[in-house]
Amino acid sequence: MTGTGGGVGRATVRAFAARGDKVALPARGREGLAAAADEVERAGGEALVVTVEVSDAKAVDDAARGRDFGAHGRFDG
């Protein structure tokens, strides 16, 4: 899910985490998502921060089919 650094995206990730879901947090840089990943873990979920250029559809598609997400389980996209 993109946009997890704040706002609606962050709230949505918290809701998934409360269900115990595993969530991928894609972003250009990891540093901005540390707080979101911590919130996910505290809420009972599992977070995977993935560095990817989120404005590049092919890069996101490649990441979704690559080992970053694959090691985390099935991609429900």
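Residues numbered from 1 in each chain as written. Predicted model: local features only at pLDDT ≥ 70, side-chain atom pairs only at ≥ 80, totals over all residues. Heavy atoms only, no water.

Q: Would you explain helix α2 (residues 34-42) in this entry?
A: Given 3.6 residues per turn, any residue in an α-helix points the same way as the ones three and four places further on. Within α2 the residues assigned to the buried category are Ala 36, Ala 37, Glu 39 and Val 40. Along the axis of α2, the buried residues cluster in a sector spanning 160 degrees; they form a single face. Where α2 is buried, its residues touch α1 (7-18), β1 (22-27) and β2 (46-51). Downstream of α2 by a residue or two, Gly 44 has a phi angle that is positive, lying close to 105 degrees. (Buried < 20%, exposed > 50% of the residue type's maximum accessible area, 1.4 Å probe, protein only. Helix = DSSP H or I, 4+ residues; strand = E, 2+ residues; numbered from the N terminus. Arc of directions from axis to C-beta. Contact = heavy atoms within 4.5 Å.)

Q: Is there a simple way to think about the environment of Val 60 in this case?
A: Counting through the fold element by element, Val 60 comes out in helix α3 (residues 57-65). Take Val 60: its relative accessible area is 29%, and that puts it in the partly exposed class.

Remember that the coordinates give geometry; whether it matters functionally is a separate question.
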